[in-house]
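Here is what each chain is made of, one letter per residue.
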Amino acid sequence: QVQLVESGGGLVQAGGSLRLSCAASGRTSATMGWFRQAPGKEREFLATINWSGTSTYYADFVKGRFTISRDNSKNTVYLQMNSLKPEDTAIYYCAASRAAGVVAARNRYDYWGQGTQVTVSS
């Protein structure tokens, strides 16, 4: 069992930055991912990182703006978000997968956090 708790969301102006954190407890040897869900939309994949941190994969629309990283000594995964846009407004979720490597498919994730709200004002 893995428990995930996101933090770091908030209100930021367009062009600003935020760093989200996801603290994991339990069996933490997992591939991790970040997703988001805006009102009325499907939850969408953003980024994933393997257990060792040596491999990452991003959705095209966040490449160059978002960076996923992890610190296994702290059981924490991060999402650095730069050049934020109003359309980035959503609830952001971290997730853990028992699959190896990098995982983009939402249905391959086994554990989810409760989410943290990110609001980008224009």
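Residues numbered from 1 in each chain as written. Predicted model: local features only at pLDDT ≥ 70, side-chain atom pairs only at ≥ 80, totals over all residues. Heavy atoms only, no water.

K.L.:
Honestly, the environment of Cys94 in this entry has me stumped. Any pointers?
P.N.:
Following the sequence through the fold, Cys94 ends up in strand E9 (residues 90–97). Taking the C-alpha atoms as reference points, Cys94 and Glu44, separated by 50 residues in sequence, lie 11 Å from one another. The contacts of Cys94, once residues within four sequence positions are left out, are Leu4, Glu6, Cys22, Gly33, Trp34, Tyr111, Trp112 and Gly113. (Helix = DSSP H or I, 4+ residues; strand = E, 2+ residues; numbered from the N terminus. Contact = heavy atoms within 4.5 Å.)

K.L.:
What should I look at first to understand the packing of aromatic side chains in this one?
P.N.:
The description of two aromatic rings rests on the distance between their centres and on the angle between their planes. Applying the stated rule across the entire model yields 5 aromatic pairs. Aromatic side chains Tyr109 and Trp112 sit 6.1 Å apart centroid to centroid with 55° between the ring planes, which places their arrangement in the tilted category. A relative accessible area of 6% places Tyr109 in the buried class. A relative accessible area of 26% places Trp112 in the partly exposed class. Through a chain of ring-to-ring contacts, three or more aromatic side chains come together here, namely Phe35, Phe45, Tyr57, Tyr109 and Trp112. A cation sits over an aromatic face here: Arg43 above Tyr93, 3.7 Å from the ring centre. Looking at Arg43, its charged tip hangs above the ring of Trp112, at a distance of 4.9 Å from the centre. (Phe/Tyr/Trp six-rings, centres within 6.5 Å; stacked < 30°, edge-to-face > 60°. Buried < 20%, exposed > 50% of the residue type's maximum accessible area, 1.4 Å probe, protein only. Lys NZ or Arg CZ within 6 Å of the ring centre and 35° of its normal.)

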